[in-house]
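Examining the three-dimensional arrangement
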2 protein chains.
Amino acid sequence: MRVAVGQIEPHVSEYKRNLQIIRDVLSEAKDVEIDVLVLPELCNSGYVFESREEVEASAESIPEGQTSRELISWSRDGRFVVAGICERTKEGLHNSAAAFGDGKHFGTYRKIHLFLNERDWFLQGNEEPPVYEHNENRFGVMICFDWAFPEVARILALKQAQIILHPSNLVLPYCQDAMVTRSIENHIFTATANRTGTERGVTFSGSSQITDVNGKRLVRMGLSDSGIGWADVELKLADSKSITARNDSLRDRRPGLYTRLTQDD
Amino acid sequence: MRVAVGQIEPHVSEYKRNLQIIRDVLSEAKDVEIDVLVLPELCNSGYVFESREEVEASAESIPEGQTSRELISWSRDGRFVVAGICERTKEGLHNSAAAFGDGKHFGTYRKIHLFLNERDWFLQGNEEPPVYEHNENRFGVMICFDWAFPEVARILALKQAQIILHPSNLVLPYCQDAMVTRSIENHIFTATANRTGTERGVTFSGSSQITDVNGKRLVRMGLSDSGIGWADVELKLADSKSITARNDSLRDRRPGLYTRLTQDD
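The structure displayed is predicted, hence computed values, not measured ones.

**Some remarks on the overall build of chain A**
- Across its full length, chain A carries six helices and 16 strands.
- Here the C-alpha radius of gyration of chain A, 17 Å, is about what a compact globule of 265 residues would show, namely 18 Å.
- Its C-alpha atoms give chain A principal-axis dimensions of roughly 55 × 50 × 35 Å.
- In chain A, once contacts between residues fewer than 6 apart in sequence are set aside, the share between residues at least 24 apart is 68%.

Have a look at this one:
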C-alpha cells in the first residue's frame, strides 16, 4: 500500500488557482501510483482570511463542490484520499476533512479543536473523529491542531484506525515531533500533509511526514518542498498493539482510572 | 526553585549498597541546594529480579523503611523529594513512588501500568496518579512506563500539577522524546530521573532530563552520567495553559467527545 502526503501552497481567496494546484498534485500522485493520499487543511481556500466574505467565497459543499468532484474522480479504481476543505453547510462554515474512496464520498470530519482565528470563521465540529474502512484498511482522520490533544489520536487508535490521515496548516514547530510520539503511544502509522508558503505574514512549516508504528519517519519533506512524499507501508502492522511480549498499548490502559478525562471543569 | 534529577545505578539484591548510593546522591543534592529532587524507579532494590525472594529482601514499608527515613531526613527545611521504592504493604509488593516534604510523608503512588516482568512481582496500583501541594507548588507523580499512556500526564495536568516528577528505569529509547511532547501538550514541566548501568543483560538508558512548559530540555544528562542534573525553574509558568492568545491546552479540550477513553473494551 503506497501512502502519500501532498505538500502544496494554496493561496487565500484564489479558489480557481487552488483548484488547479490540487489538480496538479492529484495528477502527480496518480503518476507515482499512490493508493492513499492526504492533502493539507483548507487546501481549497488558503488559511489567513481577512473577512467572512473571503471564507464564503472559497467555501464549498461536500461532495457537490468542485474540489470534492476532483477528489472523487481521483479516488476511482481503489484509491482513497483525505483533504482539508473549507466547507459550507446549512448551519454555517466548517474547517473539514473530506474522505473519498472508489469514487464515493466516505464521510466528512469537522474539526473539533479550532486554532486561533479559525473561531472567527468556522463552527466547531461536535462529533468524535472518524475511522473509515476501505478495502480492509482503516483510516483515521484528524485535522492540524488536533495533534495537541492526545485524546484524538488515542480515540482513533481505539476505533482501530491503522493510520491517521492528518491534513494540516502548521505554523508552530512542535507537531511533527509530537506525531512521532502519537505513533509510538498508539502503535499506529501517521501521515501529516502540511502546506508551505507565507500568507499575510504567516509562514507555514512544511515538513510533511509519514511515520510508522514505532515512530520512525518514513518520509520527511523539506520546509518548502512541493509535491508528493510517499512510502510503501504495511498497515496491518498497526493491528497488533504489542510493545513487548507482555505489554500492549491499548490493552494495558486503565480506563477505569481515566474518568477525569471526560469530566467538564 | 531548583529542581533536580538524580541519576544513579542501583544494584539488584544489594539493598545496603543501594542505600549508600541514595545517601550519596542526597548529600550531593544538598550541597547544590536542590529544592525538589527526583530519584529513579526502584532505587532501593534494583530492577531485574530473578525471584520473589529477591524482591521481598529489598522491599520496605513506606514511611517506616530505611530509604524512606533517609528521604524524610533530607526533605526537612522545605525540601521535597520523590523516589521510586520497592514497597511492601499488607496486600503485597508494589512498584511505588514515595513523596516526602518538610520531613513528612506526603503520599505514595503505586504504579498503574506495569512493564514486562514487573507483573510477576508487583500488584498494580488502583488509584489515580496524585498531585501533592507543597509550599504553593504542585507536584504530580508518575512512574516510568506511565509515559506511554498520555492519559496519565493529562490527568496530572487536569489536577493542576505544575511539574511531573517521574522516577524511571527506562530501557527503550522512546520516553525522553515523548516527555517533550507531554510538556507541550500539557504546558507543564517534567523531570525524568532515570537509572544507568546494566543488570543481568538489561541496559538502562540514563539521559535523565528536565523539560520546561514548551518542551525545551533544560537538562539532559548523558547515557551513563552519575549524580545530579538540575535547573532553576519558575513553576508558576505552568499555571497558564495558554498556547496562543486564543488557545488553551486544557480549556480547549472537548471532554464530551472523549467518552471512548473511559470505556472498557
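**Looking at helix α1 (residues 15-31) of chain B**
Residue and element names in this part refer to chain B.
- The terminal C-alpha atoms of α1 lie 24 Å apart, and with 17 residues this matches the ideal 24 Å at 1.5 Å per residue to within 8%.
- Residues of α1 that are buried include every one of Tyr 15, Asn 18, Leu 19, Ile 21, Ile 22, Val 25, Leu 26 and Ala 29, and no others. Each buried residue of α1 lies within a common arc of 160 degrees when the element is viewed along its axis, so the set occupies one face. Turned more than 90 degrees away from the buried face of α1 sit Lys 16 and Asp 31, all of them exposed.
- Backbone geometry just after α1 places Glu 33 at a positive phi near 60 degrees.

**Points about the packing of helix α6 (residues 175-186) of chain A against helix α6 (residues 175-186) of chain B**
- Here α6(A) crosses α6(B) at 110 degrees, and the two axes come no closer than 9 Å. Comparing the axis directions of α6(A) and α6(B) gives the class roughly perpendicular. In the crossing of α6(A) with α6(B), the sense of the turn from one axis to the other is left-handed. Contacts between α6(A) and α6(B) involve Asp177(A), Ala178(A), Thr181(A), Arg182(A) and Glu185(A) from the first element and Asp177(B), Ala178(B), Thr181(B), Arg182(B) and Glu185(B) from the second.
- Residue composition of the contact of α6(A) with α6(B), grouped by class: two nonpolar, two polar and six charged.

**Brief notes about the sheet that holds strand β3 (residues 80-88) of chain B**
Residues and elements named next belong to chain B.
- Strands sit in the order β5-β4-β3-β2-β1-β14 across an open sheet of six strands; the sheet is mixed. With one partner strand each, in any of the chains shown, β5 (104-110) and β14 (227-232) form the two edges of the open sheet. Mean inter-strand twist for the sheet, computed between neighbouring axes without regard to direction, equals 25 degrees.
- Relative to strand β2 (residues 36-38), strand β1 (residues 2-7) is paired through three bridges, and the arrangement is parallel. Residue Val 5 lies in a different strand from β2, and its bridge partner there is Val 38.
- Relative to the sheet, helix α3 (residues 66-74) contacts β2, β3 and β4 (93-101), its axis offset from that of β3 by approximately 170 degrees.

**Some remarks on the interface of chain B and chain A**
- Across the contact, 50 residues belong to chain B and 50 residues belong to chain A.
- Both sides together, the interface formed by chain B and chain A hides about 4,700 Å², and carbon and sulfur atoms give 57% of it.
- When residues of chain B are sorted by the area they lose upon contact with chain A, Arg246(B), Arg260(B) and Leu261(B) head the list and together hold 15% of the total.
- Elements represented by at least two residues in the side of chain B that touches chain A include exactly α4 (118-121), α5 (150-158), α6 and β15 (242-244) of chain B.
- If one sorts the elements of the side of chain B that touches chain A by residue count, α6(B) sits on top with six residues.
- Grouping the constituent residues of the side of chain B that touches chain A by class yields 21 nonpolar, 13 polar and 16 charged.

About the criteria used
Throughout this description, residue numbers start from 1 for each chain and increase along the sequence as written. Here every chain gets a letter starting at A, and every ligand a number starting at 1, in the order they are written. Reporting of local features is limited, given that this is a predicted model, to residues whose pLDDT is at least 70; pairs of side-chain atoms are given and counted only at 80 or more, and all residues count toward the totals for whole chains, interfaces and linings. Note that the side-chain values use all heavy atoms of the structure and ignore hydrogens as well as water. Under the DSSP-based scheme used, a helix requires at least four consecutive residues in state H or I and a strand at least two consecutive residues in state E, with every element numbered from the N terminus. Radius of gyration: C-alpha atoms only; globule rule: 2.2 Å multiplied by the number of residues to the exponent 0.38. Every residue pair with non-hydrogen atoms within 4.5 Å of one another is taken to be in contact. Under the convention used throughout, the expected extent of a helix is 1.5 Å for every residue step, that is, one less than its residue count. For each residue, the accessible area found with a 1.4 Å probe, counting protein chains only, is set against the maximum for its type, and the residue is called buried under 20%, exposed over 50%, and partly exposed in between. Each C-beta atom gives one direction from the helix axis, and the arc is the one those directions make. Axis lines are fitted through C-alpha atoms, for helices just across the contact stretch, and the angle between N-to-C directions can take any value from 0 to 180 degrees. To sort the angles, those under 35 degrees are grouped as roughly parallel, those over 145 as roughly antiparallel, those from 65 to 115 as roughly perpendicular, and the leftovers as oblique. Here a crossing is taken to be left-handed if its near helix is turned anticlockwise relative to the far helix by less than a right angle, and right-handed if that turn runs clockwise. Think of it as three bins: nonpolar holds Ala, Val, Leu, Ile, Met, Phe, Trp, Tyr, Cys and Pro, charged holds Asp, Glu, Lys and Arg, and polar takes everything else, Gly as well. A pair of strands counts as paired when DSSP detects no fewer than two bridges linking them. By buried area we mean how much accessible surface two parts lose on assembly, using a 1.4 Å probe and totalling the loss over both.

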